[in-house]
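One letter stands for each residue in the lines below.
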Amino acid sequence: MISQLSWKIGGQQGEGVESTDRIFSTALNRLGYYLYGYRHFSSRIKGGHTNNKIRISTHPIRAISDDLDILVAFDQESIDLNSHELRSGGVVVADAKFNPVLPEGVDAQLFAVPITKIAEELGTSLMKNMVASGASWALLGLPIEVFNKAVEEEFGRKGPAIVEKNVEAVKRGAEFVLEQAGGPLDAFKLDEADGKQKLFMIGNEAIGLGSVAAGCRLMSAYPITPASEIMEYLIKKLPKFGGTVVQTEDEIAAVTMAIGANYAGVRTMTASAGPGLSLMMEAIGLAGMTEQPLVIVNTQRGGPSTGLPTKQEQSDLNAMVYGTHGEIPKIVIAPASIEDCFYDMIEAFNLSEQYQVPVIVMTDLQLSLGKQSCEELDLSTVTINRGKLVRESELPELETHQLFKRYELTEDGVSPRVIPGDKHGLHHVTGVEHDETGRPSENAGNRLRMMDKRLNKLNGLQIRDAVRSDSPHDAADLLIIGMGSTGGTIDEARSRLAEEGVSSNHITIRQIHPFPTELVKAELNKAKKVIILENNATAQLAAQVKLYAGGADKIKSVLKYDGNPFLPSEVHQACKELN
Amino acid sequence: MATFKEFRNNVKPNWCPGCGDFSVQAAIQRAAANVGLEPEQLAVISGIGCSGRISGYINAYGLHGIHGRALPIAQGVKLANRELTVIASGGDGDGFAIGMGHTVHAIRRNLDITYIVMDNQIYGLTKGQTSPRSAEGFKTKSTPEGSIESTLSPLEIAMSAGATFIAQSFSSDLKQLTALIEAGLNHKGFSLINVFSPCVTFNKVNTYDWFKENIVNLNEFPDYDPSNRMAAMNKIMETNGMLTGLIYQNKERKSYENLIAGFQEQGLANQDIQLSQDQFEKLLAEFK
């Protein structure tokens with residue numbers, strides 16, 4: 001019995017890889033296994049190799065695996081490109097149609113199943129993904145009824161006849177492979193899961209869900225990989241709560257529309273990736289200058305320019321922290337788990353109204369698109385905090401020509417806020433430097449007071465888990481620092497290091513800006529050496545750590561910018577070499 | 001009920017004496033009062049340029065944003081609270097150069113907002129460069145040999161983008177301008193009102209006198225039917241865009257707010273945002 005294994009399906013884009021993965025993982029989720037998925041895809045719709053990998057475990061996992069147990073291949077290319085990952089004794093289930101062969105040196109068992117032939121006999125080659133997944137499911141010896149239920153849900157809307165045919169395809173694939181293998185494979189027999197069904201979603205869905213829970217009712221956005229799933233989720237959900245999503249003509253319209261809607265009193269977000277974020281910069285400055293709440297999600301992908309649009313990277317940190325001209329207060333937070341994606345959206349909307357500033361939530365492609373098990377989410381912990389938003393009934397009457405002091409100088413720098421429509425809240429808003437009522441002013445004294453007011457608002461800000469720390473050692477050999485989706489991978493590397501006698505601490509920096517200096521300093525002091533791990537070429541996170549918390553003499557960077565997420569073995573190896 | 005005086009504030013505009021924008025400001029104030037608005041029910045969202053300052057000169061809610069983006073900001077305001085009356089405003093550079101993309105798509109989207117462009121065929125605040133509305137051959141600081149680009153016709157573009165309300169006026173004709181802004185405010189959808197608003201400092205060609213000589217007032221054509229799209233397009237082309245009055249209006253097409261599935265009459269900003277446990281459970285069920 002084993003506690004985890006990895007399964008991958010590969011083929012040409014548009015060949016059913018996605019739907020097979022969806023059914024396979026839904027069935028596993030129903031059985032209570034923890035899952036962590038990784039999508040390898042290209043910036044095209046049809047054709048081109050694509051593969052989806054799922055790690056299946058009886059305990060929580062948050063990283064892709066180094067190796068592979070089962071590969072389902074629709075073509076020889078999928079075998080050629082992926083079989084090097086197969087561990088010794090692994091299995092390949094391939095379509096007999098292309099006479100599959102294993103490359104030399106690959107120690108795996110090949111099952112050539114007449115996948116296309118069976119599908120065509122049943123009426124259409126479209127069902128070959130069902131034959132293939134049925135075959136690989138059968139090898140695991142898991143209950144077929146659960147799988148059939150998932151098939152039924154996938155095809156239910158197409159009618160019972162289609163469901164029946166697909167169930168039959170699953171059965172035929174299973175029968176064929178079991179006859180060849182002589183029954184389910186003992187080496188792949190998974191321990192029973194806890195049977196407790198988890199939530200199973202991608203980060204972008206958790207972000208969408210979190211936004212709805214946070215009271216976000218409008219989204220304006222322009223499609224881009226890997227952010228589009230957020231708008232696709234919200235356009236299905238927001239109308240149920242009175243709101244809507246507008247697909248704008250570009251990202252400039254997306255962000256400015258969101259600013260307008262926030263100004264008028266509705267929690268509104270936009271989401272994009274690097275190129276869109278670049279287009280939004282001037283408007284982010286407007287939100288900072290006019291103290292409007294604004295929430296932007298930036299799902300990082302490979303840059304610069306169009307870069308690697310479907311690949312993993314964490315290279316927009318500097319753009320998010322420094323991107324706008326002039327100087328504004330701005331918050332950048334980085335969820336580091338699927339649960340964070342949900343709770344951080346609530347935090348982001350609250351912060352944006354409490355401090356009346358733009359808040360950027362930065363994810364990366366792996367966190368946004370990797371489908372994974374998610375712990376139960378608790379609505380009772382969700383509190384909506386609208387900061388100093390004043391209700392109309394609380395406003396004192398204004399005299400003729402008197403304006404509401406929307407930018408009143410206060411001790412904490414945050415002024416009371418009203419929304420258009422309030423009878424006694426009339427004021428002006430402008431991106432030009434302005435006085436307390438919002439009227440343009442070039443007065444030098446006013447300029448200083450207003451700049452200081454805005455820039456001091458975030459002094460001492462500390463979000464929930466600003467630095468998430470797993471640092472059991474007061475004097476560790478190693479401190480590993482990461483952000484975003486890399487935490488699970490780092491933890492797997494740490495357990496391997498521990499087996500070798502290397503003690504390590506691990507912190508995930510979640511509050512990227514303003515930088516949580518003191519929290520990070522304390523952690524640096526507890527380690528002999530520090531490794532900062534990030535998916536970019538210029539060590540942007542390390543630069544922030546060194547700038548604010550110091551430690552330059554003991555910090556070393558581990559960087560990966562080839563478009564792929566770190567593997568646990570790579571992190572382990574790098575730590576060994578640098579330690 | 002508020003009179004136009006209630007829409008005045010005590011800020012002295014920084015426009016040059018004689019600037020056409022003064023009349024546009026007055027017309028907006030009069031029209032707002034004439035349609036029965038109170039100052040707090042009106043939001044004026046403006047762009048950048050001389051004309052962009054207008055939101056600060058009207059006693060109402062006002063947002064002076066960034067160059068070329070008055071329209072998306074205004075649409076955000078309207079989506080957030082459809083109970084408000086929203087006017088977007090700016091110059092020809094703001095709406096037809098840097099913001100042209102937004103203008104076309106705001107027209108297509110057809111939210112119920114009124115867009116007033118102060119068209120002076122030149123960049124005034126940056127002290128005299130060419131605009132997309134400048135005539136070919138027009139000499140400016142950026143086109144010392146005369147503009148070699150063709151003049152943009154916002155009316156034709158608006159027609160082809162599917163506008164449901166197109167009007168044009170001249171800042172000297174306060175009566176017509178006020179009436180057209182009123183009609184725009186009453187129109188249930190996006191209304192474009194282009195206003196010839198002369199720049200007395202940097203444009204010595206398209207002067208008040210020049211406009212008086214060159215424009216045709218549609219009031220002179222009693223048979224003109226603004227609901228006829230073909231006739232409207234013909235008239236624009238016939239006059240080379242030098243016409244004033246209500247050029248086209250489509251009262252049939254519903255505004256964007258009225259086409260959004262489930263969008264309520266009550267402004268979104270005034271609705272409750274707290275999710276119930278039951279609603280949350282339903283959302284979670286999809287992920288199991």
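These numbers come from a predicted model, not from an experiment.

A. The overall build of chain B, seen in detail. A tally of helices and strands in chain B yields nine helices and ten strands. Over its C-alpha trace chain B gives a radius of gyration of 20 Å, about what one expects of a compact globule, namely 19 Å for 288 residues. Put simply, chain B has 288 residues, and 58% of those count as buried. Contacts in chain B between residues at least 24 apart in sequence constitute 71% of all its contacts with a sequence separation of at least 6. By element, 50% of the accessible surface of chain B is carried by carbon and sulfur atoms, the whole surface being about 11,600 Å². Averaging the coordinates of the 25 positive side-chain charges in chain B and doing the same for the 28 negative ones gives two points 4 Å apart.

B. Representation of the sheet that holds strand S19 (residues 511-513) of chain A. Residue and element names in this part refer to chain A. Taken together, seven strands build an open sheet; the order of strands is S9-S8-S10-S11-S13-S12-S19 and the sheet is mixed. Each edge of the open sheet is held by one strand with a lone partner, namely strand S9 (244-247) and S19. Direction aside, neighbouring strands of the sheet carry axes that sit 25° apart on average. As judged from the two bridges shared by strand S12 (residues 331-333) and S19, these two strands associate in the antiparallel manner. Looking across to S19, one finds that Ile 333 is bridged to Gln 511. Across the sheet, helix H9 (residues 251-263) lies against strand S8 (218-221), S9, strand S10 (268-272) and strand S11 (294-300), angled at about 160° from S10, the strand it touches most. Sitting on the sheet, helix H12 (residues 338-354) is in contact with S10, S11, S12 and strand S13 (358-364), with an inclination near 140° to S11.

C. Quick peek at a nonpolar patch on the surface. Residues and elements named next belong to chain A. Together, Tyr 322, Leu 547 and Tyr 548 make up a nonpolar patch on the protein surface, roughly 310 Å² of accessible area in all. Relative to the helices and strands, Tyr 322 resides in helix H11 (residues 317-322). The class of Tyr 322 is partly exposed, set by a relative accessible area of 45%.

D. Seen up close, the domain arrangement of chain A. Residues and elements named next belong to chain A. According to the domain assignment, chain A consists of domain 1 (4-197), domain 2 (201-381), domain 3 (388-461) and domain 4 (467-578). Across the boundary between the two partners, domain 2 contributes 25 residues, which contact 24 residues of domain 4. Overall, the association of domain 2 and domain 4 removes approximately 2,000 Å² of surface from exposure, summing both partners, and the carbon and sulfur fraction of that is 50%. On inspection of domain 2 and its partner domain 4, the count reaches three salt bridges. Two residues, Arg 510 and Asp 344, come together in a salt bridge whose shortest N-O distance is 2.7 Å. At the junction of domain 2 with domain 4, the criterion picks out 17 residue pairs in polar contact (both at pLDDT 80 or more). Elements supplying a minimum of two residues to the side of domain 2 that touches domain 4: H11, S12, H12, S13 and helix H13 (365-369). Examining the composition of the side of domain 2 that touches domain 4, we find that four residues originate from one element, H11, more than from any other. Partitioned by chemical class, the residues of the side of domain 2 that touches domain 4 number twelve nonpolar, six polar and seven charged.

E. Representation of the sheet that holds strand S1 (residues 42-46) of chain B in the model. Spatially, nine strands are ordered S15(A)-S2(B)-S1(B)-S3(B)-S4(B)-S8(B)-S7(B)-S10(B)-S9(B) in an open sheet, and the strand pairing comes out mixed. Looking at which strands have only one partner, the edges of the open sheet turn out to be strand S15 (428-430) of chain A together with strand S9 (216-217) of chain B. Where S1 of chain B lies against strand S3 (residues 85-91) of chain B, five bridges are found, and the strand directions are parallel. Residue Ala 43 of chain B lies in a different strand from S3 of chain B, and its bridge partner there is Val 86 of chain B. Taken strand by strand, helix H2 (residues 70-80) of chain B contacts S1, strand S2 (61-64), S3 and strand S4 (114-119) of chain B, and its axis lies near 175° from that of S3 of chain B.

F. Seen up close, the UniProt feature "domain: Pyruvate/ketoisovalerate oxidoreductase catalytic" (unreviewed entry) in chain A. Within this numbering scheme, the UniProt entry marks residues 14-175 of chain A as carrying the feature "domain: Pyruvate/ketoisovalerate oxidoreductase catalytic" (unreviewed entry). In the segment residues 14-175 of chain A, helix accounts for 43% and strand for 23%; the C-alpha atoms at its two ends are 26 Å apart.

G. Representation of the interface of chain A and chain B. Contact residues are listed per partner, giving 67 residues for chain A and 53 residues for chain B. Together, Glu 249, Leu 379 and Leu 426 of chain A form the three largest contributors to the area buried by chain A at its contact with chain B, with a combined 12%. Scanning the region where chain A abuts chain B turns up three salt bridges. The salt bridge partner of Arg 109 of chain B is Glu 249 of chain A, with a shortest N-O separation of 2.7 Å. Summed over the shared surface of chain A and chain B, the result is 16 residue pairs in polar contact (both at pLDDT 80 or more). Contributions of two or more residues to the side of chain A that touches chain B are made by helix H1 (17-30), strand S7 (199-202), helix H7 (203-213), helix H8 (228-237), S9, H9, helix H10 (274-290) and S15 of chain A.

H. Molecular detail of the packing of helix H15 (residues 487-499) of chain A against helix H18 (residues 568-578) of chain A. Residue and element names in this part refer to chain A. Relative orientation of the contacting elements H15 and H18 amounts to 55°, with a least axis distance of 8 Å. As judged from the angle between their axes, H15 and H18 are oblique. Regarding H15 and H18, the two cross each other, and that crossing is right-handed. Counted together, Thr 489, Ile 490, Glu 492, Ala 493, Arg 496 and Leu 497 of H15 and Pro 568, Ser 569, Val 571, His 572, Cys 575 and Lys 576 of H18 form the full contact between these two elements. For the contact of H15 with H18, a count of residues per class yields six nonpolar, three polar and three charged.

I. Layout of helix H6 (residues 174-186) of chain B. In this model H6 of chain B runs 18 Å from its N-terminal to its C-terminal C-alpha over 13 residues, within 8% of the 18 Å that 1.5 Å per residue would give. Taken together, the buried positions of H6 of chain B are occupied by Gln 176, Leu 177, Thr 178, Leu 180, Ile 181, Gly 184 and Leu 185 of chain B.

J. Fine view of the UniProt feature "domain: Thiamine pyrophosphate enzyme TPP-binding" (unreviewed entry) in chain B. Within this structure's numbering, the places UniProt gives as "domain: Thiamine pyrophosphate enzyme TPP-binding" (unreviewed entry) are residues 48-195 of chain B. End C-alpha to end C-alpha, residues 48-195 of chain B measures 17 Å, and it is 32% helix and 22% strand.

K. Structural context of unusual backbone geometry. A cis amide bond links Thr 225 of chain A to the next residue, Pro 226 of chain A, at an omega of 0°. Mapped onto the secondary structure, Pro 226 of chain A falls in the loop between S8 and H8. Backbone torsion omega between His 513 of chain A and Pro 514 of chain A reads -5°, so that peptide bond is classified as cis. Although it is not a glycine, Asp 465 of chain A adopts a positive phi angle of roughly 50°. Among the structural elements, Asp 465 of chain A can be located in the loop between helix H14 (444-456) and strand S16 (467-470). For Asn 110 of chain B, which is not glycine, the phi dihedral falls at a positive 65°. With respect to the secondary-structure elements, Asn 110 of chain B resides in the loop between helix H4 (100-109) and S4.

L. Inspection of the pairing of strand S5 (residues 86-95) of chain A at higher detail. Residue and element names in this part refer to chain A. Within S5, seven of the ten residues are buried, which leaves it mostly tucked inside the rest of the structure. Bridge count between strand S4 (residues 68-73) and S5: five bridges; the pairing is parallel. The residue of S5 that forms the bridge with Ile 70 is Val 91. Running through helix H2 (residues 76-82), the crossover from S4 to the neighbouring parallel element S5 is right-handed. The pairing of S5 with strand S6 (residues 108-113) spans six bridges and is parallel. Bridged to Val 91 within S6 is Gln 109.

M. Region of the structure containing the nonpolar core. Within the largest apolar cluster, 100 residues are counted, with the highest numbers of intra-cluster contacts made by Ile 512 and Val 545 of chain A. If we skip the residues at most four places from it in the chain, Val 545 of chain A touches Ile 509, Phe 515, Val 520, Leu 524, Ile 532, Gly 550 and Ile 555 of chain A. The next biggest cluster of nonpolar side chains, apart from the first, holds 52 residues, and it includes Met 219, Leu 238 and Cys 341 of chain A together with Phe 287 of chain B.

N. Fine view of the pattern of salt bridges. All names here are of chain A. Evaluated as defined, the whole model comprises 44 salt bridges over all chains. Between Arg 496 and Asp 66 there is a salt bridge, with the nearest N and O atoms lying 2.9 Å from each other. Of the two residues, Arg 496 is situated in helix H15 and Asp 66 in the loop between strand S3 (49-57) and S4; the sequence distance between them amounts to 430 residues. As a salt-bridge pair, Asp 340 and Arg 468 come within 2.8 Å of each other at their nearest N and O atoms. Highlighted residues: Asp 340 in helix H12 and Arg 468 in strand S16, separated in sequence by 128 residues.

The rules behind these values
Residues numbered from 1 in each chain as written. Chains lettered and ligands numbered in written order. Predicted model: local features only at pLDDT ≥ 70, side-chain atom pairs only at ≥ 80, totals over all residues. Heavy atoms only, no water. Helix = DSSP H or I, 4+ residues; strand = E, 2+ residues; numbered from the N terminus. Rg over C-alpha atoms; globule rule 2.2 N^0.38 Å. Buried < 20%, exposed > 50% of the residue type's maximum accessible area, 1.4 Å probe, protein only. Contact = heavy atoms within 4.5 Å. Areas by Shrake-Rupley, 256 points an atom, 1.4 Å probe, with all protein chains shown as cover. Lys, Arg positive; Asp, Glu negative; His and termini not counted. Charge placed at Lys NZ, Arg CZ, Asp CG, Glu CD. Pairing = 2+ DSSP bridges. Axes fitted to C-alpha atoms, helices over the stretch in contact; angles between N-to-C directions. Patch = residues over 30% accessible without salt bridge, like charges linked within 9 Å, V, L, I, M, F, W, Y side chains within 5 Å. Salt bridge = Lys/Arg side-chain N within 4 Å of Asp/Glu carboxyl O. Domains from an automatic or database assignment. Buried area = accessible area lost by both parts, 1.4 Å probe. Polar contact = N/O pair within 3.5 Å; in protein donor to acceptor, adjacent residues only side chain to side chain. Nonpolar A, V, L, I, M, F, W, Y, C, P; charged D, E, K, R; others polar. UniProt positions renumbered as here; feature names shortened; annotations may be inferred. Parallel < 35°, antiparallel > 145°, perpendicular 65-115°, else oblique. Left-handed = near helix turned anticlockwise from the far one by under 90°. Expected span 1.5 Å × (residues − 1). Right-handed = clockwise from strand over helix to strand, strands pointing away. Core = buried A, V, L, I, M, F, W, Y, C linked by side-chain atoms within 4.5 Å.

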